[in-house]
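# Coordinate analysis (summary)
Next come the chains, spelled out residue by residue.
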Amino acid sequence: MDATASALAASRDAWARAVALKNDVAHSKLADRLSRIADQTSDQTKAAASTAVAAGKARLARAAEIGRETVLPELERTSAILKERTRPERLKQDYSNYLRRLHEKVLDKPIEPLFFAPTAATVALEGLTIRSARRAYGHDYRPTPCSLFEWSLAGIDYDLSRLTFVDYGAGKGRVLLLASGHPFAAVGGIEFAEELHDNAVMNIQQYPRSRMKCRNVECVLEDAAEVGPPDGEAVHYFFNPFGREVFAEVLHNIVVSYRKRPRRLFLILIDPVATDLVDESGVFARTELPLPERLKTKLLSPYEIAIYRSLA
């Protein structure tokens, strides 16, 4: 009995050792397998990481290349544009362009419908009928801003009823009819382009008489350098209608007439080209606008205004 029990116990122990050994072997195989999987995973991770790093470097290199090819040139172009647009001369030009649009679209709008032939748009001399030998010196038609005309007229500190108003380069007659709203003795214009002169005549004929304090208004088709100034006291108005050469001739005619008969004369020069000629004439002295108009022109005039009065 005891022998049988001992045999059974020995058999159980042997079985237990066999099971333990089997388990150890299985655990060892599992550990080896896990170790191989871990090594394989590590290799794959390293390979993936290496691939990702290489791809990242390639993308960075491509981004740098794109930056050099597109971004940097665009930044340089934008910088050049900003530099150009912030130059004092460019800022001044842009502001002048804005003021011209302000006058055309806003300030002149109530008056423009009064003209039978529209006066607001610029007109190039090219293609117009001009028989003058001085055609090459003429400047394109530009309308005087209506408010600017009134501001400049404030510089005439004299009885307007004693003055004849003369517009050199009268264009479509806008200034002539603005001047007719004041009590001048007469208003006259000189224009050498036939089409512009015809528009001026038409506008004079159709302009509302109720707005005219001076109805003695005329526009002649002539070369300004070949027309002498009026004999009496006058306002001579120039909105930069021609080059320095022709202005010198017209000014000479005025000065010669003045020296023959000294009298009160005024010059209104808008966007002037040759104020030095006036200064050197020995006949005219520059005057200032009244303070309110001076402030308005400083802030809102797209053009320089120069007012001169004869010494007599």
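Everything below is about the structure printed above this text.
Residues numbered from 1 in each chain as written. Predicted model: local features only at pLDDT ≥ 70, side-chain atom pairs only at ≥ 80, totals over all residues. Heavy atoms only, no water.

Another aspect to go through is empty space enclosed by the protein. Summed over the entire model, instances satisfying the criterion amount to two cavities of 30 Å³ or more. Taken as a whole, the largest cavity encloses approximately 350 Å³ of empty space. Lining the largest cavity are 30 residues, with Tyr 168, Gly 169, Ala 170, Glu 191 and Pro 241 sitting closest to its centre. Contributing elements (two or more residues each) for the lining of the largest cavity: strand S1 (164–168), helix H4 (174–179) and strand S2 (186–191). Counted as a void, the second largest cavity has a volume near 50 Å³. Lining the second largest cavity are Phe 238, Asn 240, Pro 241, Phe 242, Phe 247, Leu 269, Pro 272, Val 273 and Ala 274. (1 Å grid on protein atoms, 1.4 Å probe; cavity = no way out; pocket = protein on both sides within 12 Å on 5 of 7 lines; lining within 4 Å. Points joined across faces, edges and corners; volume = space filled by probe spheres on them. Helix = DSSP H or I, 4+ residues; strand = E, 2+ residues; numbered from the N terminus.)

Attention now moves to the packing of aromatic side chains. What the rule picks out here adds up to eleven aromatic pairs. Relative to Phe 247, the ring of Phe 238 lies with its centre 5.2 Å away and its plane at 80 degrees, an arrangement referred to as edge-to-face. Phe 247 matches Phe 238 in its accessibility class, with the two residues each being buried. Between Phe 239 and Tyr 303 the ring centres are 5.0 Å apart and the planes differ by 65 degrees, which places this aromatic pair in the edge-to-face class. Note that Phe 239 is positioned in the loop between strand S4 (234–238) and helix H6 (244–260) and Tyr 303 in the loop between helix H8 (291–300) and strand S7 (305–310), a separation of 64 residues in sequence. A residue is classified by how much of its surface remains accessible, and Phe 239, at 8% relative accessible area, is buried. Three or more aromatic residues joined by ring pairs form one cluster here, namely Phe 149, Phe 165, Phe 184 and Tyr 237. (Phe/Tyr/Trp six-rings, centres within 6.5 Å; stacked < 30°, edge-to-face > 60°. Buried < 20%, exposed > 50% of the residue type's maximum accessible area, 1.4 Å probe, protein only.)

Another point: the nonpolar core. One finds Ile 156, Phe 165 and Phe 184 to be the most contacted residues of the largest nonpolar core, which totals 36 residues. If you list the elements that add at least two residues to this core, you get helix H3 (146–153), H4, helix H5 (194–206), strand S3 (217–221), S4, strand S5 (265–270) and S7. Once residues within four sequence positions are removed from consideration, Phe 165 is found in contact with Phe 149, Val 175, Ala 179, Phe 184, Ala 186, Val 187, Gly 188, Val 235 and Tyr 237. Ala 225, Leu 269, Leu 277 and Val 283 belong to the second-largest nonpolar core, a separate cluster that totals 25 residues. (Core = buried A, V, L, I, M, F, W, Y, C linked by side-chain atoms within 4.5 Å. Contact = heavy atoms within 4.5 Å.)

With that settled, the discussion passes to a nonpolar patch on the surface. A cluster of nonpolar side chains, namely Tyr 95, Tyr 98, Leu 299 and Leu 300, defines an oily patch on the protein surface of about 390 Å² accessible area. For the nonpolar patch, the elements supplying multiple residues, two or more each, are helix H2 (88–107) and H8. (Patch = residues over 30% accessible without salt bridge, like charges linked within 9 Å, V, L, I, M, F, W, Y side chains within 5 Å. Areas by Shrake-Rupley, 256 points an atom, 1.4 Å probe, with all protein chains shown as cover. Salt bridge = Lys/Arg side-chain N within 4 Å of Asp/Glu carboxyl O.)

Okay, the layout of surface pockets next. Space inside the largest pocket adds up to approximately 540 Å³. Lining the largest pocket we find 20 residues, and of these Thr 297, Lys 298, Tyr 303, Glu 304 and Ile 305 sit closest to its centre. Elements with a contribution of two residues or more to the lining of the largest pocket: H2, strand S6 (284–287), H8 and S7. When residues of the lining of the largest pocket are assigned to their parent elements, the largest contribution, five residues, is made by H2. Its residues assigned to classes, the lining of the largest pocket comprises eight nonpolar, four polar and eight charged. (Nonpolar A, V, L, I, M, F, W, Y, C, P; charged D, E, K, R; others polar.)

Now for the side chain of Lys 172. With respect to the helices and strands, the residue Lys 172 is situated in the loop between S1 and H4. Within the buried core, Lys 172 has no salt-bridge partner, and the shortest N-O distance to an opposite charge, that of Glu 112, equals 7.3 Å. Look past the residues within four positions of Lys 172 in its chain and what remains in contact with it is Pro 118, Thr 119, Val 123, Tyr 141, Leu 196, Asn 199, Ala 200 and Asn 203. (Lys, Arg positive; Asp, Glu negative; His and termini not counted.)

Bringing the sheet that holds S2 into the picture now. Read across the sheet, seven strands follow the order S3-S2-S1-S4-S5-S7-S6 without closing on themselves; strand pairing throughout is mixed. The open sheet has two free edges, formed respectively by S3 and S6, since each of these has just one partner strand. Each adjacent strand pair in this sheet contributes to an overall mean axis angle of 20 degrees, direction not counted. Sheet analysis places S1 next to S4, joined by five bridges and oriented parallel. (Pairing = 2+ DSSP bridges. Axes fitted to C-alpha atoms, helices over the stretch in contact; angles between N-to-C directions.)

With that settled, the discussion passes to the side chain of His 103. Here His 103 shows up in helix H2. Residue class for His 103 comes out buried when judged on its relative accessible area of 1%. Leaving out residues up to four positions away in the same chain, His 103 has contacts with Asp 108, Lys 109, Pro 145, Ser 147, Leu 148, Trp 151, Leu 300 and Pro 302.

Our focus in this paragraph is the environment of Glu 293. You can see Glu 293 is positioned in helix H8. Once you skip the residues sitting within four places of it in the chain, Glu 293 turns out to touch Trp 151 and Ala 154.

Under the criterion given, the structure shown has 13 salt bridges. Across the pair Arg 174 and Glu 112 runs a salt bridge, and its minimum N-O distance is 2.8 Å. Of this pair, Arg 174 sits in helix H4 while Glu 112 sits in the loop between H2 and H3, and the two are 62 residues apart along the sequence. Note on accessibility: Arg 174 and Glu 112 belong to one class, buried. For Asp 157, the salt bridge is made with Arg 309, and the minimal N-O distance between the two is 2.9 Å. Highlighted residues: Asp 157 in the loop between H3 and S1 and Arg 309 in strand S7, separated in sequence by 152 residues.

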